[in-house]
Amino acid sequence: MDRLSTRFAACKAQGRAALITFVTAGDPDVAATPAILDALVAGGADIIELGMPFTDPMADGPAIELANLRSLGSGTKTKDVFALAADFRARHPETPLILMGYANPMLVRGSDWFADQCKAAGVDGVICVDIPPEEDAELGPALRAVGVHLVRLATPTTDAARLPAVLNGASGFLYHVAVAGITGKQQAAQANIEIAVGKLKAATDLPIAVGFGVRTPEQAAAIGRIADGVVVGSAIVDIIGSHGDAAAPFVQDFVASLSGALITSIRETAA
Amino acid sequence: MTDTVTLPNSLRSQPDANGHFGAFGGRYVAETLMPLILELEKVYKEAKADPAFDAEFAELLRSYVGRPNPLYYAQRLTEALRAKAEPGKGAKIYLKREELNHTGAHKINNCIGQALLARRMGKKKVIAETGAGQHGVATATVAALFGMECKIFMGAKDVERQKPNVFRMKLLGAEVIPVHSGSSTLKDSMNDALRYWVSNVHDTFYIIGTAAGPHPYPELVRDFQSIIGKETRAQMLEAEGRLPDLLIAPVGGGSNAIGMFHPFLDDPEVAMIGVEAAGEGLDKKHAASLAGGASGILHGNRTYLLQDEDGQITEAHSISAGLDYPGIGPEHSWLHEIGRVKYMPIKDDEALTSFQTLSRLEGIIPALESAHAVAAAEQVAPTLDADKIIVVNLSGRGDKDIFTVADALGVEM
Ligand SMILES: Cc1ncc(COP(=O)(O)O)c(C=O)c1O
């Protein structure tokens, strides 16, 4: 089993959802990122999503857009992102690491180059916001050839007719984008998330992670009762936005509150 | 240049079923938008096959936009250039008068077409990005005409340099939303329009203003703008009894140029030049994505982009807000690679000079975008024989630019 399925299986064995946390690589700068990544793990994150900064993050709201601009503004390069990933892998051999970002920085040197870099840095999967299944040929074959997962996204607009196209070639896990919108503050109603996750579970055996708009331990716990993974991004990125270089301990405390809520939520469910 | 035997029989049959123009185009959007884009493609196919759609489009172009606009022989410009050329040289220059359209540019052709599609899809709200404000004004205009709610995303820097158009949009009932992200220009307004759209797909139609974006936008914008080339063809046959030798049009995203070029792509005797904005020069700040960029993915399509070695988009610069974009429509990238259309860079100062030249010689104040094409014609015409014919697409009028030009010339208004 690879790192991702091992981790999802371990969480499942504990009767809880995996906590997936997002930060942008190089936010506020490359030097500060390792401590922030360590804080995510120390706080109880099960899977790390590392954002590759891009000048034009069209699917992101102001929080993550600003994180992208802080990172690029402090001089982060693609080689730094892979160095951060490789160092993380050395420090945390078991924790799955997903690169998340946009097509242009990933493909500018060709998909084979990108896939090789991912493999060499110990990256387990890739989420590319602007490569829908229709354009899979740009990135999918190269990643699959080196055993890196291409994680697909299902959204509130992905209807039953379209879902098979999304699942065809999906691996690692399926990311359910809970709101038809951008990352940030907008929240989906729990009832809608439950319906959507139910439909996805009926269609695939892949673990289902839910993200977009999850900001509090309470929400994470509620979603954790029905999904295999809960993704939190903007709320963590906001903390980095406020505390900059000194963000690590604040990030760790917040992540601990999220992971604590996921663990408590099973006890409640069991009781 | 690609070997000609590998080219399709017709250069007018692109894109393929997946929206690719050779290696360019495609649909690089978030999953949330994918179903809507597929629906738009379906609706557009149906509309294209529906004579009633075509009839309504044609009637609005006639009675509302004021088409056909004239093809005008610019005799004084032609003669002035001949006077400087060697004997027997100096091509005859015609202007396609898109600036006489309602709202003062070619943009309205496309907006009418897309508003009709929005209505067909049952959407009552439209959004658009705008640079110079011409597309914003055209969108606000059709929104008023069709009784639709309208939001225009405009870079804060462009709000500042295109004040008259901002006020026009407001008069027309649109809400103008200044965009402060990134470089606060056209690309950023497109990012924010996409962000808004992805959050409001259920009731909102995005009227993209140029022949770029995810499939089917480059195709449908081109088709709606092709009225420019179709009229030019008929008018030239009537005036001269033959096709022109050279077409020249400015290229921002490329909608007026592709509209002018497309009906002539299969006529090998007609040469074409797309004029890119070279800003302060290709070695300095500019907006010439073919001359100074590389293939990449932005705003839903693969195309030539200004970018660094990591694929980060670099800031474009042009004195003309409508050309201030780091990309270009995918069909132009393809036409550039196969060599069918030549692309030529023109700098800010050259455009400024031609802006004044055309005003004085012909009594026509061109948009700064169009002045780039006039500048190219001024350079090329004297090198051609006097019996050659050039058509310049005068994509818009320059009223919106008088403040920018006065400022650049150091004139107090
Ligand atoms: C008058 C005029 N010409 C040209 C352009 C460039 O756009 P396109 O290349 O899509 O025709 C603009 C854009 O605002 C414009 O206003």
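Above: the structure in question.
Remember, it's a predicted structure, so these values are computed and weren't measured experimentally.

Let us now look at the interface of chain A and chain B. By a widely used convention, the size of an interface equals the accessible area lost when the partners come together. Contact residues are listed per partner, giving 36 residues for chain A and 35 residues for chain B. Both sides of the chain A and chain B interface together cover about 2800 Å² of buried area, and 48% of this is carbon and sulfur. For chain A, the biggest contributors to the area lost against chain B are M58, N104 and E135 of chain A; these three give 21% of the whole. The interface formed by chain A and chain B includes 5 salt bridges. Ionic pairing is found between R109 of chain A and D310 of chain B, a salt bridge with its closest N-O pair at 2.7 Å. The interface formed by chain A and chain B holds 21 residue pairs in polar contact (both at pLDDT 80 or more) in total. Of all the secondary structure elements, the ones that give two or more residues to the side of chain A that touches chain B are α3 (62-73), α5 (103-107) and β6 (152-154) of chain A. Per-element tally for the side of chain A that touches chain B: the top contributor is α5 of chain A, with 4 residues. Partitioning the side of chain A that touches chain B into residue classes produces 18 nonpolar, 8 polar and 10 charged.

A word on the pattern of salt bridges. What the rule picks out here adds up to 41 salt bridges over all chains. Among the ionic pairs, D38 of chain A bridges to R91 of chain A, the shortest N-O distance being 3.0 Å. One end of the pair, D38 of chain A, is in helix α2 (residues 33-43); the other, R91 of chain A, is in helix α4 (residues 78-91), with 53 residues separating them in the sequence. Judged by its relative accessible area of 34%, R91 of chain A falls in the partly exposed class. A salt bridge links E41 of chain B to R27 of chain B; the nearest nitrogen and oxygen atoms lie 2.9 Å apart. Here the residue E41 of chain B occupies a position in helix α1 (residues 34-48), and R27 of chain B occupies one in strand β2 (residues 24-28), the gap between them amounting to 14 residues. We note that E41 of chain B, like R27 of chain B, is buried. Among the ionic contacts, a cluster of salt bridges with common partners joins K48, E219, R222, D223 and E331 of chain B.

All names here are of chain A. Assignment of secondary structure puts N68 in helix α3. On the accessibility criterion, N68 (4% relative accessible area) is buried. Polar side-chain contacts of N68 include one of 2.7 Å to the backbone oxygen of I64. For N68, the contacting residues outside a window of four places in its chain are T24, M52, P53, F54 and P57.

Moving on to the sheet that holds strand β4 (residues 125-128) of chain A. Residue and element names in this part refer to chain A. In space, the 9 strands of this open sheet follow the order β5-β4-β3-β2-β1-β9-β8-β7-β6, with parallel pairing throughout. Two strands bound the open sheet, and with one partner strand each, they are β5 (149-150) and β6. Across 3 bridges, the pairing between β6 and strand β7 (residues 174-177) is parallel. Across the sheet, A154 pairs through a bridge with H176, a residue of β7. Where α4 meets the sheet, its contacts fall on β2 (47-51) and β3 (97-101), and the angle it forms with β3 comes to roughly 165°.

Take the packing of aromatic side chains next. Residue and element names in this part refer to chain B. According to the stated counting rule, one finds 14 aromatic pairs over all chains in the structure shown. Look at F53 and F224: their rings are 6.3 Å apart centre to centre, the planes differ by 35°, and that puts the pair in the tilted class. One end of the pair, F53, is in helix α2 (residues 51-65); the other, F224, is in helix α9 (residues 217-225), and 171 residues separate them in sequence. With a centroid separation of 6.3 Å and 75° between ring planes, the pair formed by W197 and Y217 is classed as edge-to-face. One end of the pair, W197, is in helix α8 (residues 186-199); the other, Y217, is in helix α9, with 20 residues separating them in the sequence. For the pair W197 and Y217, one class covers both residues: buried. Taken together, Y44, F53, F57 and F224 form an aromatic cluster joined through their ring pairs. Above the face of the Y73 ring, K92 is positioned so that its terminal group lies 4.7 Å from the ring centre.

Parameters and conventions
- Residues numbered from 1 in each chain as written.
- Chains lettered and ligands numbered in written order.
- Predicted model: local features only at pLDDT ≥ 70, side-chain atom pairs only at ≥ 80, totals over all residues.
- Heavy atoms only, no water.
- Contact = heavy atoms within 4.5 Å.
- Buried area = accessible area lost by both parts, 1.4 Å probe.
- Salt bridge = Lys/Arg side-chain N within 4 Å of Asp/Glu carboxyl O.
- Polar contact = N/O pair within 3.5 Å; in protein donor to acceptor, adjacent residues only side chain to side chain.
- Helix = DSSP H or I, 4+ residues; strand = E, 2+ residues; numbered from the N terminus.
- Nonpolar A, V, L, I, M, F, W, Y, C, P; charged D, E, K, R; others polar.
- Buried < 20%, exposed > 50% of the residue type's maximum accessible area, 1.4 Å probe, protein only.
- Pairing = 2+ DSSP bridges.
- Axes fitted to C-alpha atoms, helices over the stretch in contact; angles between N-to-C directions.
- Phe/Tyr/Trp six-rings, centres within 6.5 Å; stacked < 30°, edge-to-face > 60°.
- Lys NZ or Arg CZ within 6 Å of the ring centre and 35° of its normal.

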